[in-house]
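Structure assessment
Letter by letter, the chains look like this.
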Amino acid sequence: MLGLKLETDPRWADIASKSLEDILLDHAWCEQKAASSGISLIIIFPEYREMVDEVTEIVAEEWSHFERVLGELKKRGLHLGKARKDEYVIQLAAIEKKGGSRDQQLVEKLLLSAMIEARSCERFKILYEQLENPALKKFYYEFMVSEAGHYTQFLTLAKKYQPENDVKNRWAEILEAESAILKNLEIRGDRVH
Ligand SMILES: [Fe+2]
Ligand SMILES: [Fe+2]
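Described below are features of the structure shown in this document.

1. Quick notes on the coordination of the iron ion (ligand 1)
Ligation of the iron ion (ligand 1) by protein atoms is provided by Glu31 (OE), Glu62 (OE), His65 (ND1) and Glu147 (OE), these donors lying 2.0 to 2.2 Å from the ion. One can describe the donor arrangement at the iron ion (ligand 1) as irregular, given that its 4 donor atoms subtend angles of 90 to 141° at the metal. Each donor residue of the iron ion (ligand 1) lies on one chain, and together they are spaced E-x30-E-x2-H-x81-E. Taken as an interatomic distance, the gap from the iron ion (ligand 1) to the iron ion (ligand 2) is 3.5 Å; glutamate 62 donates to each of them. You can see glutamate 31 sitting in helix α2 (residues 20–44) and its partner glutamate 147 sitting in helix α6 (residues 134–161), a full 116 residues away along the chain. Note on glutamate 31: relative accessible area 2%, which makes it buried.

Here is the structure:
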């Protein structure tokens, strides 16, 4: 359903479920970044009313995700350390096409957001399937469902501002580029991506 070109290497699931505390720490920052990037969209493109309304809701959800992950950290006596460098997001941001009309610039950012949502959703699905603790299973199941919804919302929004065919073509390119990025990234069990 997510159309990803490359499935996560099964070795990731193995190591990730063994370093859950690191995954939770990294996950907290992912949620913070998702909320911040939604806020940036609103700041950069305030005239897109429908996008502002939808993204405002997404930001609220991402922030509640952040709170939930913080709660899990607290239960384990952990707290946020310094934010980590997210190599995946850095490399993905580098493929962003600059220039063009405002509509094109907005759509580019919406598609990159959809991409991160799709990959996060896939990773949360793996955690949901692999983890044995029932509370954490439910926790990751709920994140998986929520991020799948965001992925759909970002893609649907993109189609409102550019011809469907252009969006489809660019989306196909982004999926290709993302799989190449992932192929070359080190598999780390202490990172969501
Ligand atoms: Fe989230
Ligand atoms: Fe999300």
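2. Some remarks on the packing of aromatic side chains
Applying the stated criterion to the full structure yields 10 aromatic pairs. Arranged with centres 5.9 Å apart and planes meeting at 75°, the rings of phenylalanine 45 and tyrosine 48 form a pair that is edge-to-face. By relative accessible area, tyrosine 48 is classed as buried at 9%. Taken together through their ring pairs, the aromatic side chains of Phe124, Phe139, Tyr140 and Phe143 make up a single cluster. Looking at lysine 137, its charged tip hangs above the ring of tyrosine 128, at a distance of 5.5 Å from the centre.

3. Focus: the packing of helix α5 (residues 102–130) against α6
Following both chains from N to C, one finds α5 and α6 inclined at 160°, their axes separated by 8 Å at the closest point. Here α6 runs roughly antiparallel to α5, going by the angle between their axes. α6 is crossed by α5, and the crossing has left-handed handedness. Of the residues contributing to the contact of α5 with α6, the split by class is 21 nonpolar, 2 polar and 6 charged.

Conventions adopted
- Residues numbered from 1 in each chain as written.
- Chains lettered and ligands numbered in written order.
- Predicted model: local features only at pLDDT ≥ 70, side-chain atom pairs only at ≥ 80, totals over all residues.
- Heavy atoms only, no water.
- Donors = N, O, S within 2.8 Å, 3.2 Å for Na, K, Ca; no water.
- Tetrahedral: all angles 85-135°; square planar, octahedral: opposite > 155°, others 65-115°.
- Helix = DSSP H or I, 4+ residues; strand = E, 2+ residues; numbered from the N terminus.
- Buried < 20%, exposed > 50% of the residue type's maximum accessible area, 1.4 Å probe, protein only.
- Phe/Tyr/Trp six-rings, centres within 6.5 Å; stacked < 30°, edge-to-face > 60°.
- Lys NZ or Arg CZ within 6 Å of the ring centre and 35° of its normal.
- Axes fitted to C-alpha atoms, helices over the stretch in contact; angles between N-to-C directions.
- Parallel < 35°, antiparallel > 145°, perpendicular 65-115°, else oblique.
- Left-handed = near helix turned anticlockwise from the far one by under 90°.
- Nonpolar A, V, L, I, M, F, W, Y, C, P; charged D, E, K, R; others polar.

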